[in-house]
Amino acid sequence: MSILVHVHNILRWVLLTLLVFSIVRSFIGWIKHRELKEGDVKLWLFTMICTHINLLIGLILLFFGRFGILNSGLPDGVVLMKDVFYRFFWVEHPTAMILATVLITLGRGQVKKQITDPLKYKRVFWYFLLALLVILAAIPWPGREIIGRSL
Ligand code: HEM
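This report concerns the structure included in the present document.

Thresholds, definitions, all that
- One numbering rule holds for all chains: residues counted from 1, following each sequence as written.
- This being a predicted model, a pLDDT of at least 70 is required before a residue's local features are given, and a value of 80 or more before pairs of side-chain atoms are given or counted; all residues contribute to the totals for chains, interfaces and linings.
- Side-chain descriptors were evaluated using all non-hydrogen atoms of the structure, hydrogens and water having been removed beforehand.
- Working definition: residue near molecule or strand if any one of its non-hydrogen atoms lies within 4 Å of it.
- Polar contact is defined as a pair of N or O atoms within 3.5 Å, subject to the rule that within protein one atom must be able to donate a hydrogen and the other to accept it, and that residues adjacent in sequence are counted only when both atoms are side-chain atoms.
- Secondary structure elements are defined from DSSP: runs of H or I of at least 4 residues count as helices, runs of E of at least 2 residues count as strands, and each element is numbered from the N terminus.
- Following the grouping adopted for this structure description, the nonpolar residues are Ala, Val, Leu, Ile, Met, Phe, Trp, Tyr, Cys and Pro, the charged ones are Asp, Glu, Lys and Arg, and the polar ones are all others, Gly among them.
- Here an axis means a line fitted to C-alpha atoms, over the contact stretch when the element is a helix, while the angle between two N-to-C directions is reported on a 0 to 180 degree scale.
- Note that the term roughly parallel is reserved for angles under 35 degrees, roughly antiparallel for angles over 145, roughly perpendicular for angles of 65 to 115, and oblique for everything else.
- Crossing handedness is defined as follows: a turn of the near helix away from the far one that is anticlockwise and smaller than a right angle gives a left-handed crossing, while the clockwise case is right-handed.
- Whether two residues touch is decided by their heavy atoms; if any such pair falls within 4.5 Å, the residues are in contact.
- For every residue, the accessible area obtained with a 1.4 Å probe (protein chains only) is divided by the maximum for its type, and the residue is called buried under 20%, exposed over 50%, and partly exposed between those limits.

It is worth spelling out the site of the ligand at this point. Taken together, 18 residues are adjacent to the ligand, and His-8, Asn-9, Arg-66, His-93 and Arg-149 come closest. Between a nitrogen atom of the ligand and a side-chain N or O atom of His-8, the distance comes to 2.7 Å. At the level of elements, helix H1 (2-31), helix H2 (38-64) and helix H3 (84-109) are the ones that each hand at least two residues to the shell around the ligand. Ranked by the residues each element gives to the shell around the ligand, the list is headed by H2, at six residues. Taken together, the residues that form the shell around the ligand break down as ten nonpolar, five polar and three charged.

Quick look at the structure:
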């Protein structure tokens, strides 16, 4: 299982990088009224696939990981919503990341819509930017008390 935590961790950086590139490129496409580029469509697809893979790994960790719901369960005496650690890893982190995955999936889905190319760029920009903010807020960054993890 620890290998999955590593992969989950590394994919965070891949995803953040892809998201930033996607956002910059969609912003340029939007303000320059560009025609949709094949490269951008591919970039958004890779971003979505990367998110889905991390979602899948996250779900496995959540249920079968070292303190997974179906593995260790809640320790005796711990009340889920009153415990900062379990509330974060069982509720806040998964909920936020699932929301971000939905946003990225909806964003990349704009490619198939019958709308103008600049509008596609604009919508992808907003969906992906929102997803990035959600992800940044829900990552267990090192400085965070109790839930913080190393980079
Ligand atoms: C899709 C974007 C996601 C990102 C960028 C992300 C990022 C991270 C990071 C950086 C860690 C710390 C890893 C470490 O200690 O080295 C982590 C841990 C964890 N994540 Fe995610 N995560 C995502 C989605 C999810 C989802 C959707 C779930 C559950 C449904 C989830 C469940 C977990 C769990 C349970 C841990 C703790 C694992 C352990 O320490 O055993 N993650 N995540």
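Next up on the list: the packing of H3 against helix H4 (residues 117-138). Contact geometry of H3 with H4 gives a least axis separation of 8 Å together with a crossing angle of 165°. With respect to each other, H3 and H4 are oriented roughly antiparallel. For the pair H3 and H4, the sense of crossing is left-handed. For the pair H3 and H4, contact is made by Phe-88, His-93, Ala-96, Met-97, Leu-99, Ala-100, Leu-103, Ile-104, Leu-106, Gly-107 and Arg-108 and by Val-124, Tyr-127, Phe-128, Leu-130, Ala-131, Val-134, Ile-135 and Ala-138, respectively. Partitioning the contact of H3 with H4 into residue classes produces 16 nonpolar, two polar and one charged.

Counting through the fold element by element, Val-78 comes out in the loop between H2 and H3. Judged by relative accessible area, which is 22%, Val-78 ranks as partly exposed. Residues Val-78 and Arg-66, spaced twelve residues apart in sequence, show a C-alpha to C-alpha distance of 16 Å. What Val-78 contacts, discounting residues up to four positions off in sequence, is Asp-83 and Tyr-86.

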